[in-house]
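Each chain is listed here by its residues.
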Amino acid sequence: MSRRAAQPLRSRAKAPDLAGRIAARTAKVGVIGLGYVGLPLACLFAEKGFSVTGFDIDAKKIEFLNAGRSYIKHIPAGRIRPLVKGGKLDATADFAALKQMDVIIICVPTPLTKFREPDLRFIVTTGEAVAKVLRKGQLVVLESSTYPGTTTEVLKPILERGGLKSGRDFHLAYSPEREDPGNEKFGTAAIPKVIGGDGATALKLAKTLYDGIVVKTVPVSSPETAEAIKLTENIFRAVNIAMVNELKVIFDAMGIDVWEVIEAAKTKPFGFMPFYPGPGLGGHCIPIDPFYLTWKAREFGINTRFIELAGEINTLMPRYVVGRLSEALSAHAGKALRKAKVLMVGLAYKKNVDDMRESPSLTLIGMLEAAGAVVDYHDPFIPRIKPSREHGELTNRRSVPLNAKRIAAADAVLIVTDHDNVDYQLIARHARLVVDTRNAMAKAGARGTRIVKA
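Within any chain, residue numbers begin from 1 and follow the written order of that chain's sequence. With pLDDT at 70 or above as the cut-off, local features in this predicted model cover only qualifying residues; side-chain atom pairs require 80 or more to be listed or tallied, and sums for whole chains, interfaces and linings still use all residues. Excluded from the side-chain calculation are hydrogens and water; included are all heavy atoms of the structure.

1. Re the overall build of the protein chain
In plain terms, the rule: A run of H or I in DSSP becomes a helix once it reaches four residues, and a run of E becomes a strand once it reaches two; helices and strands are each numbered from the N terminus. Note that the radius of gyration is over C-alpha atoms, with the globule rule given as 2.2 Å times the number of residues to the power 0.38. For every residue, the accessible area obtained with a 1.4 Å probe (protein chains only) is divided by the maximum for its type, and the residue is called buried under 20%, exposed over 50%, and partly exposed between those limits. Two residues qualify as a contact provided that any one of their heavy atoms is within 4.5 Å of a heavy atom in the partner residue. Accessible surface area values rest on a Shrake-Rupley calculation with a 1.4 Å probe, where residue burial reflects the displayed protein chains alone. Positive residues here are Lys and Arg, negative ones are Asp and Glu, while His and the chain termini are left out of the count. All charge positions are set by atom: Lys at NZ, Arg at CZ, Asp at CG, Glu at CD.
A tally of regular secondary structure across the protein chain gives 16 helices and 13 strands. In terms of overall size, the protein chain behaves like a compact globule, its C-alpha atoms giving a radius of gyration of 24 Å where 454 residues would be expected to give roughly 22 Å. For the protein chain, with 454 residues in total, the buried portion stands at 54%. The contacts of the protein chain with a sequence gap of at least 6 include a subset with a gap of at least 24, amounting to 69%. Entry remark: accessible area of the protein chain is about 20,100 Å², with carbon and sulfur atoms responsible for 56%. Taking the average location of the 65 positive side-chain charges in the protein chain and that of its 47 negative ones, the two points are 5 Å from each other.

What follows is the structure, given as structure tokens:
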């Protein structure tokens, strides 16, 4: 149990109102879900002077945090340890302690089902846990990415089951997370926060809360608008990535390097924003969020053809990569994909992080092995493959060392994630064939006929 959970509730009769406690940073903040969104948010609130308790069902995370340790690569233990020692941050799996909190922030996963429909079970079960202990005067904020209407149509009725009413007895808001794991320029505090409240008081309280920790707040008219903003941001990226992925295929057929095209095009000072192709989409947001809107749009009889086409193009990218690898093996080594030894470089969905959620690398391993290839992977950030819903058969696979002998022994090196701390010159010197999905070799100054872009 949290070290502070057993403390008696303070008298509300003499306590200043919630807005005053938030402004004075005496409000207790509970963050539910201590992953890539919840953990940095909990740390930031604690660093800004709030008393923070993190809630999670993963006992290992609780153990790590209460010991001042980290389980996420880009959040160092040196950031967590002083917060724990100073009594500003602790963690618990005892959700009854939510009653002690003045503010409850929900940062739980929102995946898709296998039919590409919203899977809100984590929001629902979390809402049910909060409802059991919800008391008057609390502020509840949902941060999980979801479709417009989730906060008021799904979460709100759950919270009101006990008789308390939003806007009268407690306050409810939505503020979408905008985390970019590994981004050193834009951490949580430097990213403006969009806020939509279920009523004017909820909006004011949520704005006061986030004003205390981030560079800027952006209040909007409703939770539905805030939910739509999050989806719009990620659909924008998904559609533009799909466009350059399609251009990659077209230009390759013409003998044109899409990377050279983009580098030159981005010199235009207006009307163009560079997006880059890759082996497929990864992470928790871009591969998932667009389909939350396509699902919701059906309720209004609207087909989201543009979004679904972008999803189709991006989903097909791993197949394109496998095809390019197969062609390159045949052309350069006279080998078939079957029984070929493939060394995959990079398992994370993006560079310089230990996050493998929805990573196209996992799909590629499955496709290559189904075709008869023998696959090893190297990733300095992911020493072991953790369990995942769709690729459970890969659990506990381990990263192999990247050395001259292993590189030379592979029929092909497949670069899927362009981590900065990979020795691409070593690969260039010893690889028989390199298939590069990220233009990493060119960026490292390595070129030649043995390097194929995919």
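2. Quick notes on a nonpolar patch on the surface
Worth spelling out the cut-off: Only residues above 30% relative accessible area that lack a salt bridge enter a patch, with like-charged residues linked at up to 9 Å and the nonpolar side chains Val, Leu, Ile, Met, Phe, Trp and Tyr linked at up to 5 Å. The salt bridge definition used is simple: a Lys or Arg side-chain nitrogen within 4 Å of an Asp or Glu carboxyl oxygen.
Side chains of I250, M254, I256 and V261 sit close together on the surface and give an oily, nonpolar patch of about 330 Å² of accessible area. By the element assignment, I256 lies in the loop between α8 (223-254) and α9 (258-265).

3. Looking at the environment of K248
Structurally, the position occupied by K248 is in helix α8. Judged by its relative accessible area of 5%, K248 falls in the buried class. Excluding residues that lie within four positions of it along the chain, K248 makes contacts with V258, P277, G278, M317, Y320 and A454.

4. Structural notes on the sheet that holds strand β10 (residues 374-378)
Rule in force here: By the convention used here, strands pair only if DSSP detects at least 2 bridges between them. Lines are fitted to the C-alpha atoms to define the axes, a helix being fitted only along its stretch in contact, and any angle between axes, read from their N-to-C directions, falls within 0 to 180 degrees.
Strand order in the open sheet formed by five strands is β10-β9-β11-β12-β13, with parallel pairing between adjacent strands. At either margin of the open sheet sits one strand with a lone partner, and together these are β10 and β13 (451-453). Between one strand axis and the next, the sheet turns by 25 degrees as a mean value, whatever way the strands run. Note: strand β9 (residues 341-345) against strand β11 (residues 412-415), four bridges, orientation parallel. Paired with V345 across the bridge in β11 is I415.

5. A short note on the environment of R81
You can see R81 is positioned in helix α4 (residues 77-85). On the accessibility criterion, R81 (37% relative accessible area) is partly exposed. Here the alpha-carbon distance between R81 and A67, two residues 14 residues apart in the chain, equals 7.6 Å.

6. Structural notes on the packing of aromatic side chains
Cut-off, in case you're wondering: Note on aromatic pairs: the rings of Phe, Tyr and Trp (six-membered ring only in Trp) are paired at centre separations within 6.5 Å, and the planes decide the class, stacked below 30 degrees, edge-to-face beyond 60, tilted for the rest. Lysine NZ or arginine CZ positioned within 6 Å of the ring centre and within 35 degrees of the ring normal marks a charge as sitting over the ring.
In the structure shown here, the tally under the stated rule is eight aromatic pairs. Three or more aromatic residues joined by ring pairs form one cluster here, namely F45, F50 and Y210. Geometry around F64 places R69 over its ring, the cationic atom sitting 4.0 Å from the centre. A cation sits over an aromatic face here: K193 above Y210, 4.7 Å from the ring centre.

7. Here's the deal with the pattern of salt bridges
The full count for this structure, using the stated rule, is 27 salt bridges. With a closest N to O distance of 3.7 Å, E128 and R161 form a salt bridge. Separated by 33 residues along the polypeptide, E128 in helix α5 (residues 121-133) and R161 in the loop between α6 (150-159) and β6 (171-174) bring together distant segments of the chain. Relative accessible area serves as the criterion here: at 59%, R161 is assigned to the exposed category. One connected set of salt bridges, linked through shared partners, spans R21, D102 and R135.

8. Some words on the nonpolar core
Counted only if it meets this: Remark: nonpolar core denotes a set of buried residues (Ala, Val, Leu, Ile, Met, Phe, Trp, Tyr, Cys) joined through side-chain atoms within 4.5 Å.
The biggest cluster of nonpolar side chains holds 42 residues, and the ones touching the most others in it are I32, L98 and L159. Examining the composition of this core, we find that five residues originate from one element, α8, more than from any other. Ignoring sequence-local partners within four residues, the contact set of I32 consists of F55, F95, L98, I104, I105, I106, C107, V108, T126 and V130. The next biggest cluster of nonpolar side chains, apart from the first, holds 41 residues, and it includes I22, F50, Y71 and L89.

9. A word on the state of the cysteines
What counts is decided by this rule: We call a pair of cysteine sulfur atoms a disulfide when they lie within 2.5 Å.
For the coordinates displayed, the defined rule picks out zero disulfides. In this structure C43 is a free cysteine whose sulfur lies 12 Å from that of C107, the closest cysteine sulfur available. Judged by relative accessible area, C43 falls into the buried class, the value being 0%. The closest cysteine sulfur to the non-disulfide-bonded C285 is located on C107, 12 Å from its own sulfur.

10. Focus on the sheet that holds strand β2 (residues 51-55)
The eight strands are arranged β3-β2-β1-β4-β5-β6-β7-β8 in an open sheet whose pairing can be described as mixed. Both outer strands of the open sheet, β3 (89-92) and β8 (217-220), are each paired with one neighbouring strand and no more. Direction aside, the axes of adjacent strands within the sheet are offset by 25 degrees on average. In the packing of helix α3 (residues 59-66) onto the sheet, the strands contacted are β2 and β3, and the crossing angle to β3 comes to about 155 degrees.

11. Let's talk about the pairing of strand β7 (residues 193-197)
Across the five residues of β7, five count as buried, placing the element largely inside the fold. On β7, burial covers both faces: K193, I195 and G197 on one face and V194 and G196 on the other are all buried. Across two bridges, the pairing between β6 and β7 is antiparallel. Across the sheet, Y174 pairs through a bridge with G196, a residue of β7. Relative to β8, β7 runs parallel, the two sharing four bridges. From the neighbouring strand, I195 faces β8, where its bridge partner is P219.

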